[in-house]
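Structural description and commentary
Read off the chains here:
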Amino acid sequence: MYRAFLIKYGEIAIKGKNRHLFEDALVRQIRYALNPLEGKFEVIKQQGRIFVEAKNEDFDYEETVAALQTVFGIVGICPAVLVEDQGFDQLAEDIIHYLDETYADKHMTFKVEARRARKNYPKTSPEINMDLGERILNAFPDMSVDVHHPDVTLYVEIREQINFYSEIIPGPGGMPVGTNGRAMLLLSGGIDSPVAGYMIAKRGVAIDATYFHAPPYTSERAKQKVVDLARIISKYTGPIRLHIVNFTDCQLNIYEKCPHEELTIIMRRYMMEIAEHFANENGDLGLITGESIGQVASQTMHSLMATNEVCNLPVYRPLIGFDKQEIITVSEKIGAYETSILPFEDCCTIFVAKHPVTKPRLQNIHNSEKKLVGNMEELVKTAIETTEVILVEPEE
Amino acid sequence: MEAYLDNSATTACSEKAAQMVMQVLTKDYGNPSSLHNKGIEGENYVRDARRIIAKTLKVKEKEIYFTSGGTESNNLAIVGYAMANQRAGKHIISTPFEHPSVGNPLAFLEEQGFEVSYLHVDRQGHIEIKELEDLIREDTILVSMMHVNNEIGVVLPIEEAGKVIKEKNPKCAFHVDAIQSYGKFKILPERIGVDMLSVSGHKIHGPKGSGFLYVNGKIKIKPEILGGGQEWGLRSGTQNTPAIAGLGVAAAEMYDHLEENREHLFQLRDHFIEEVTKIDGVSVNGPLGHDAAPQIVSVSVQSVRAEVLLHALEDKEIYVSAGSACSSNKPSISKTLQAIHLDQNLLDSTVRFSFSVHTTMEEIDYALDAMRTLIPMLQRFTRH
């Protein structure tokens, strides 16, 4: 029945002179999301609206809606029926058929809102509203008109072709990816970081990612899990350049020379440093982490300050005020949770001390790090040089 | 150099068996249940495999039932037997370190109101025949015991057990999980009082998805899969003719060279044990002599986590398993290592090496060299 989707976008409509940039990005992202799907689609930008039209019958409705729901910037998706103009009687019949199929229970109020973009159509918009309303009332005696607070609004648009729709499926909101620069996500195998990446991408930011791999302490499966997570969020963010850093030697060096309670903090400082290196290389404008205040010892205010100190780029922490359950809710919504909870050890936990510091003092950390001077620079350099970069895209 | 030392997890399919699989998959693919010649062709492959296998055990052909592998054979034997014989009693005896494909069916039966007694094992994994004798009661319907433990290679005395069971309660059936022993031991179930015997194809260089259950003709079992009545009604479903034919070839190969294979495996094992125990902090679990299985060595390494050692070896293309690979996708504490009261600190520091007839002394030496360098390095970095 449906052949087209009218795309509603809220926030970007108010961007003044930049508006066309946002709309172009949205069109691009919609095309990207629809590309792997069965069927051919045309994405048309016209008169302040975006219209997705299926060019043939062999497209999967559910799949198409799901794909559109991954495009940031879309506020609502309206599945529309597209018909040729074969006279008003035929239109009324099509609409009655549509309402009959769509609403099983006819005890509801409605109004018709017509827009006549093609001005040579024989009826004016108010005439269409009235005449269609009458036909609908005749067809379904249980329905009644309420022009102020209708249960259902039936939109009818008269263009070269005619489309009508009455349902709005919520989109993810936000802004189209690519309208707000790029940032580097520190991606672990856990629940938080994929959600953090998702949330920043939602504001229009394209994403790169860095993962710290520590063979033989972490397994190939743990690495595969991170690639899988990157793939899941790439449905929303677009292609991700995933940097896989072999961090083992750096980690063992810290382990040998620094106090074990400070291991995690010092390790994270080096992780930030390495991630920032790649961020600069890619022209990224910030770092993203999944940190949330107080969640673990390395995420207390003191610890965050200690890790933050090594960064020159701004560090975005979109989950900073979230509780775990709130993070899990988003993780489930974006389809990452099942993968995130697979039980493979990540590099943050392998040498974790029984009682890590929760209130590290910068002075102590600096003193400990002095013990690394001499070979750490070389190890960091090697880690950077041997980093594997893979381009992660959603599965076709 | 690559050294695949995880042959108790699975083995490479032998060339001859693989060729047979290909032949039956693509050329002689008839369904044994079809009435025409193409069907008879398929049936002949199944019959040949059955004959070969029956011969290795010296049992009747119609006492061999093909299944999808070890897990199914164990399930069919235990649940199928219990369901068919519960009126005679609801007591079962087993050991504490069975494979989950025995342990979980037993747990299922316990939920259904059966009572399961578990024998004790000593630090080597040996059981006491006296304890078994004492546990057998009037209402004991089944004893289920593995022949070779998959993690430490200890051999359980199935011959003595069979004797005691039949003396004490002739109505009690005896099931043996021979998944790690078939192809490495001469087993004559009928003579030693074993009524059911489970075997898996991919542990003996046969194809995955193949296996069988030997069931003594006098034993009644309830089928778990109902349908067209194949395998004399005990296991419905079109026979997996390529896998069955491949399994037959693999079984023949194993038993044609049984003695020389055992000798080769023991040479590897003796040398490996001798050398590996020279490394600081390394010990071997289970019996060390030739009373154990020839292909399995369980190694504990002080202060090194098994998974870390496994990945460090993997980096050098040496493949082993941590605990038991068949069930080790999620890290859990091994039932076998707990049963033999392994030192708490070593539970998570134990890996299994398992050899096959294709394993060479060079591969063993390569693995030993890797261990000699890796272990001291890994011991420097431990979790606090």
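Residues numbered from 1 in each chain as written. Chains lettered and ligands numbered in written order. Predicted model: local features only at pLDDT ≥ 70, side-chain atom pairs only at ≥ 80, totals over all residues.

1. Notes on the overall build of chain B
Put simply, the test is: Numbering of helices and strands starts at the N terminus; helices are DSSP runs of H or I of at least 4 residues and strands are runs of E of at least 2. Every radius of gyration here is taken over C-alpha atoms, with the globule rule written as 2.2 Å times N^0.38, N being the number of residues. Buried residues are those with 20 or more other C-beta atoms within 10 Å of their own C-beta, exposed residues have 12 or fewer, and partly exposed residues lie in between; C-beta atoms are placed from the backbone. What counts as a contact is two residues whose backbone-derived C-beta atoms lie within 7 Å of each other.
When its secondary structure is counted, chain B shows 11 helices and 13 strands. On C-alpha atoms alone, chain B measures out to a radius of gyration of 21 Å, which is about the 21 Å that the 2.2 N^0.38 rule sets for 384 residues. Along the longest, intermediate and shortest principal axes, the C-alpha atoms of chain B span 65 × 55 × 35 Å. The buried share of chain B, taken over its 384 residues, is 50%. Sequence separation of 24 or more characterises 75% of the internal contacts of chain B that already satisfy a separation of 6 or more.

2. As for the domain arrangement of chain B
All names here are of chain B. Definition in use: Throughout, the edges of the domains are those of an automatic or database domain assignment.
Domains assigned within chain B are domain 1 (3-11 + 257-380) and domain 2 (15-256). The centre of domain 1, based on its C-alpha atoms, is set 27 Å off from the matching centre of domain 2. Each side of the interface is counted separately: domain 1 has 29 residues, and domain 2 has 29 residues. Elements represented by at least two residues in the side of domain 1 that touches domain 2 include exactly helix H8 (258-276), strand E10 (296-301) and helix H10 (335-339).

3. Section: helix H6 (residues 158-168) of chain B
Of all the residues in H6 of chain B, the buried ones are Ile158, Ala161, Gly162, Val164 and Ile165 of chain B. As for H6 of chain B, its buried residues are in contact with helix H5 (129-135), strand E5 (140-146) and strand E6 (173-177) of chain B.

4. Re the domain arrangement of chain A
Per the domain assignment, the segments of chain A are domain 1 (4-170) and domain 2 (182-392). Between the C-alpha centres of domain 1 of chain A and domain 2 of chain A there is a distance of 44 Å.

5. Overview of the environment of alanine 222 of chain A
Residue and element names in this part refer to chain A. With respect to the helices and strands, alanine 222 occurs in helix H6 (residues 220-237). For alanine 222, a count of 22 C-beta atoms within 10 Å puts it in the buried group. With 34 residues separating them along the chain, alanine 222 and serine 188 place their C-alpha atoms 9.4 Å apart.

6. Details of the packing of helix H3 (residues 88-102) of chain A against helix H4 (residues 125-139) of chain A
All names here are of chain A. This is how it is decided: Where helices are involved, their axes are fitted lines through C-alpha atoms of the stretch in contact, as for all axes, and angles between N-to-C directions lie from 0 to 180°. Roughly parallel means an angle under 35 degrees; roughly antiparallel, over 145; roughly perpendicular, 65 to 115; everything else is oblique. When the near helix sits turned anticlockwise from the far one by under a right angle, the crossing is termed left-handed; a clockwise turn instead gives a right-handed crossing. Residues are grouped as follows: Ala, Val, Leu, Ile, Met, Phe, Trp, Tyr, Cys and Pro are nonpolar; Asp, Glu, Lys and Arg are charged; all remaining types, including Gly, are polar.
Axis separation between H3 and H4 bottoms out at 10 Å; the angle between their running directions is 50°. The orientation of H3 with respect to H4, classified from their angle, is oblique. The handedness of the crossing between H3 and H4 is right-handed. Here H3 contributes Ala92, Ile95, Ile96 and Leu99 to the contact with H4, which in turn contributes Leu132, Arg135, Ile136 and Ala139. Of the residues belonging to the contact of H3 with H4, the class tally is seven nonpolar, no polar and one charged.

7. Some remarks on the sheet that holds strand E12 (residues 321-322) of chain B
Sheet strands associate in pairs through backbone hydrogen bonding, adopting either a parallel or an antiparallel arrangement. Residues and elements named next belong to chain B. Filter applied, for reference: Whether two strands pair comes down to DSSP finding at least two bridges between them.
The sheet built from four strands is open, its strands ordered E9-E10-E13-E12 with antiparallel pairing. Only two strands of the sheet have a single partner each, and these edge strands are strand E9 (282-285) and E12. Relative to E10, E9 runs antiparallel, the two sharing four bridges. Looking across to E10, one finds that valine 284 is bridged to valine 299. Lying over the sheet, helix H9 (residues 306-315) contacts E10, E12 and strand E13 (350-354), oriented at roughly 40° with respect to E13.

8. Looking at the confidence of the model for chain B
All names here are of chain B. The condition is simple: Each residue gets a pLDDT score, which is the predictor's confidence in that residue and runs from 0 to 100.
Averaged over every residue, the pLDDT of chain B is 95; residues scoring 70 or more account for 97%. In this model, residues 324-329 is a region of pLDDT below 50 whose contacts with residues beyond four sequence positions or in other chains number 11 contacts. For this predicted complex, the interface confidence reaches an ipTM of 0.76, while the overall pTM sits at 0.84.

9. Topic: the environment of serine 188 of chain A
All names here are of chain A. Tracing the chain through its elements places serine 188 in the loop between strand E10 (182-186) and helix H5 (192-201). Since 24 C-beta atoms lie within 10 Å of it, serine 188 is described here as buried. As for serine 188 and phenylalanine 212, which are separated by 24 residues in sequence, their C-alpha atoms are 7.3 Å apart.

10. A word on unusual backbone geometry
Cis geometry is found at the peptide bond from proline 215 of chain A to proline 216 of chain A, where omega equals 5°. Note on placement: proline 216 of chain A falls in the loop between strand E11 (206-213) and H6. Even without a glycine there, the phi angle at glutamate 231 of chain B is positive, about 50°. Tracing the sequence through the fold places glutamate 231 of chain B in the loop between strand E8 (211-215) and helix H7 (241-256). By the C-beta count within 10 Å, which is 21 here, glutamate 231 of chain B ends up buried. Phi angles above zero are rare outside glycine, and serine 303 of chain B is one such case at about 65°. Here serine 303 of chain B lies in the loop between E10 and H9.

11. A word on the nonpolar core
Filter applied, for reference: Defined on buried residues, the nonpolar core groups Ala, Val, Leu, Ile, Met, Phe, Trp, Tyr and Cys residues joined through C-beta atoms within 7 Å.
With 205 residues, the main nonpolar core has Leu287 of chain A together with Leu309 of chain B as its most contacted residues. It is helix H8 (residues 263-282) of chain A that contributes the most residues to this core, 11 residues altogether. When near neighbours in sequence (up to four residues on either side) are disregarded, leucine 287 of chain A contacts Ala183, Met184, Leu186, Met272, Ala275, Glu276, Ala279, Cys311, Leu313, Val315 and Tyr316 of chain A.

12. Some details on the sheet that holds E6 of chain B
Residue and element names in this part refer to chain B. Sheet architecture is open: seven strands sit in the order E2-E8-E7-E6-E5-E3-E4, paired in mixed fashion. Edge positions in the sheet fall to strand E2 (64-67) and strand E4 (115-118), since each has one partner strand and no second. Neighbour to neighbour, the strand axes of the sheet diverge by 20° on average, direction disregarded. Set on the sheet, helix H4 (residues 100-111) makes contact with strand E3 (91-94), E4, E5 and E6; between it and E3 the angle comes to about 155°.

13. Topic: helix H11 (residues 361-380) of chain B
Residue and element names in this part refer to chain B. This is how it is decided: Given the number of residues in a helix, its expected span is that number minus one, multiplied by 1.5 Å. Two axes define the bend at a residue: one fitted to the seven residues ending there, one fitted to the seven starting there, and the bend is the angle between them.
Taking 1.5 Å per residue as the helical rise, H11 with its 20 residues ought to reach 28 Å, and the 29 Å between its terminal C-alpha atoms agrees with that figure. Helix geometry: H11 is bent most strongly at leucine 374, by close to 30°, with proline proline 376 lying one to four residues after it. Buried within H11 we find Ile364, Ala367, Met371, Leu374 and Ile375. Taken together, the buried residues of H11 touch strand E1 (3-4), H8, E9, E10, H9 and strand E11 (318-319).

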